[in-house]
Amino acid sequence: MAKIISGKEISQSIKEQLKEKVASFETKFGRKISLAVILVGENPASKVYVKNKILSTEYVGMKSLAYYLPENSTEEQVIELVKTLSSDNSVDGILVQLPLPKHLSENNILKHIAPEKDVDGFLPENVGKLLLGQESTIACTPFGVIKMLEYEGIDLEGKSAVVVGRSNIVGKPMAMLLLQKNCTVTICHSKTKNLKEVCSSADVLVAAIGRPKFITEDMVKDGAVVIDVGINRTEAGLVGDVDYEYVSKKASFITPVPGGVGPMTIAMLLENTYLSALRREDNGI
């Protein structure tokens, strides 16, 4: 039976460490670290995410700035707010909660965030630096996955890693981070042939495809480390991309849903905000 990697426990440990680091920052630089969150519209799930982010931000001692804009806000109005926050020296991180209402362009809005305040790690400047192995802000979810593996002391060097999913915010950066840890990485997607065979060769299998219980027992190697990034709402409740009940009997380590990768994403958002504040002080921005 697999050992459960508890994102809930690990994220709490990270937050406790952050409390101390944030307090030291405040003592050293005489100011609070601040994170600005922009929510446009009334998406119920987004409201819950934003509330949780605000509570976590305040828990570690950072200042939370929340901006709620109506559903019918124009692109110009949202961009104007993003530009204002980007030029505000008291703001260390900016997060635009996604998805945006359909009439707004995600790319047009996000590109106005100052790269040093892009705590989601979504901007081309940060993605490019990650690809080149330079210091950058890393997308929160894959960053959280790497922290979980490190926390459990799982040696990644020379291992075969398979990432199922090629999204810009999880699949691609996840592959880059595993490559940096000296894994041999394969990215799979909807057009991959012999998916079962590819997945069953993995020492480390990361599922980020957005399909409930897609990864079944026969797709997993005995003793593999299985990371389930998926969060799918079904009639039976929240389930991951992995058929947990059966795969957990075969894997050596596995993340649950909920309580696995999810809590890590918010913890790494706070870590990114702290790192952003440090870099800004070091570079005099």
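About the cut-offs
- Residues numbered from 1 in each chain as written.
- Predicted model: local features only at pLDDT ≥ 70, side-chain atom pairs only at ≥ 80, totals over all residues.
- Heavy atoms only, no water.
- 1 Å grid on protein atoms, 1.4 Å probe; cavity = no way out; pocket = protein on both sides within 12 Å on 5 of 7 lines; lining within 4 Å.
- Points joined across faces, edges and corners; volume = space filled by probe spheres on them.
- Nonpolar A, V, L, I, M, F, W, Y, C, P; charged D, E, K, R; others polar.
- Helix = DSSP H or I, 4+ residues; strand = E, 2+ residues; numbered from the N terminus.
- Buried < 20%, exposed > 50% of the residue type's maximum accessible area, 1.4 Å probe, protein only.
- Polar contact = N/O pair within 3.5 Å; in protein donor to acceptor, adjacent residues only side chain to side chain.
- Contact = heavy atoms within 4.5 Å.
- Axes fitted to C-alpha atoms, helices over the stretch in contact; angles between N-to-C directions.
- Parallel < 35°, antiparallel > 145°, perpendicular 65-115°, else oblique.
- Left-handed = near helix turned anticlockwise from the far one by under 90°.
- Core = buried A, V, L, I, M, F, W, Y, C linked by side-chain atoms within 4.5 Å.
- Phe/Tyr/Trp six-rings, centres within 6.5 Å; stacked < 30°, edge-to-face > 60°.
- Lys NZ or Arg CZ within 6 Å of the ring centre and 35° of its normal.
- Pairing = 2+ DSSP bridges.
- Right-handed = clockwise from strand over helix to strand, strands pointing away.

Caption draft 1: Highlighting empty space enclosed by the protein. In the structure shown here, the tally under the stated rule is one cavity of 30 Å³ or more. Here the largest cavity defines a volume of roughly 30 Å³. Lining the largest cavity are V96, L110, I113, D118, D120, F122 and L123. Looking at the lining of the largest cavity, its residues break down into five nonpolar, no polar and two charged.

Caption draft 2: Expanded view of unusual backbone geometry. Residue P99 is reached from L98 by a cis peptide bond, and omega for that bond is 0°. The topology assignment puts P99 in the loop between β4 (93-96) and α4 (106-110). Look at the link from V257 to P258: it is a cis peptide, with omega at 0°. Assignment of secondary structure puts P258 in the loop between β11 (253-254) and α10 (261-283). Positioned with a positive phi, N182 is a non-glycine residue whose angle comes to about 70°. Despite not being glycine, K213 has its phi angle at roughly 50°, a positive value. Within the secondary structure, K213 sits in the loop between β7 (204-207) and β8 (225-228). Note on K213: relative accessible area 44%, which makes it partly exposed.

Caption draft 3: How the structure looks around the side chain of T137. Examined against the element boundaries, T137 turns out to sit in the loop between α5 (124-132) and α6 (140-151). Classification of T137 by relative accessible area gives buried; the value is 5%. Among the polar contacts made by the side chain of T137, one reaches the side chain of R279 at a distance of 3.4 Å. Filtering out sequence-adjacent residues up to four positions away, T137 remains in contact with D118, V119, G121, N126, N272 and R279.

Caption draft 4: Structural context of the layout of surface pockets. In this structure, the largest pocket encloses a volume near 1,300 Å³. Forming the boundary of the largest pocket are 45 residues, of which Y49, T141, I231, G262 and T265 lie nearest the centre. Grouping the constituent residues of the lining of the largest pocket by class yields 23 nonpolar, 15 polar and seven charged. In terms of lining residues, the second largest pocket is bounded by L98, E106, N107, L110, K111, F122, L123, P124, V127, N168 and I169. Secondary-structure elements contributing two or more residues to the lining of the second largest pocket are α4 and α5. If you tally residues by element for the lining of the second largest pocket, the top one is α4, at three residues. Of the residues in the lining of the second largest pocket, the class split is seven nonpolar, two polar and two charged.

Caption draft 5: Local environment of the packing of helix α2 (residues 44-59) against α10. Between α2 and α10, the shortest axis-to-axis distance is 10 Å and the interhelical angle comes to 50°. Overall, the two elements α2 and α10 adopt an arrangement that is oblique. In this structure, the crossing between α2 and α10 has a hand that is right-handed. Across from N52, K53, S56 and T57 in α2, the residues of α10 making contact are I266, L269 and L270. Residue composition of the contact of α2 with α10, by class: three nonpolar, three polar and one charged.

Caption draft 6: Molecular detail of the nonpolar core. Grouped together as the largest cluster of nonpolar side chains are 49 residues, with contacts concentrated most on L149, L156, L178, V206, I227 and V229. Looking at which element gives the most residues to this core, the answer is α10, with eight residues. If we ignore the near neighbours within four places in the chain, the residues touching I227 are I5, V145, L149, L205, V206, A207, T255 and V261.

Caption draft 7: A look at the packing of aromatic side chains. Summed over the entire model, instances satisfying the criterion amount to one aromatic pair. Ring plane angle 50° and centroid distance 4.7 Å describe the contact between F25 and F29, whose orientation is recorded as tilted. Taken together, the residues F25 and F29, both in helix α1 (residues 7-29) and four residues apart, mark about one turn of the helix. Under the relative-accessibility criterion, F25 is labelled buried at 3%. Directly above the ring of Y59 sits K19, whose terminal nitrogen or CZ lies 4.0 Å from the centroid.

Caption draft 8: Highlighting the pairing of strand β5 (residues 160-164). Counted residue by residue, β5 has four buried out of five residues, so it is predominantly covered. By the bridge criterion, five bridges tie β5 to strand β6 (residues 184-188) in an arrangement that is parallel. Of the residues in β6, the one forming a bridge with V162 is T186. Note that the unit made of β5, helix α7 (residues 171-180) and β6 has a crossover that is right-handed. Where β5 meets β7, four bridges bridge the pair, whose relative direction is parallel. Across the sheet, residue V163 finds its bridge partner in β7, namely V206.

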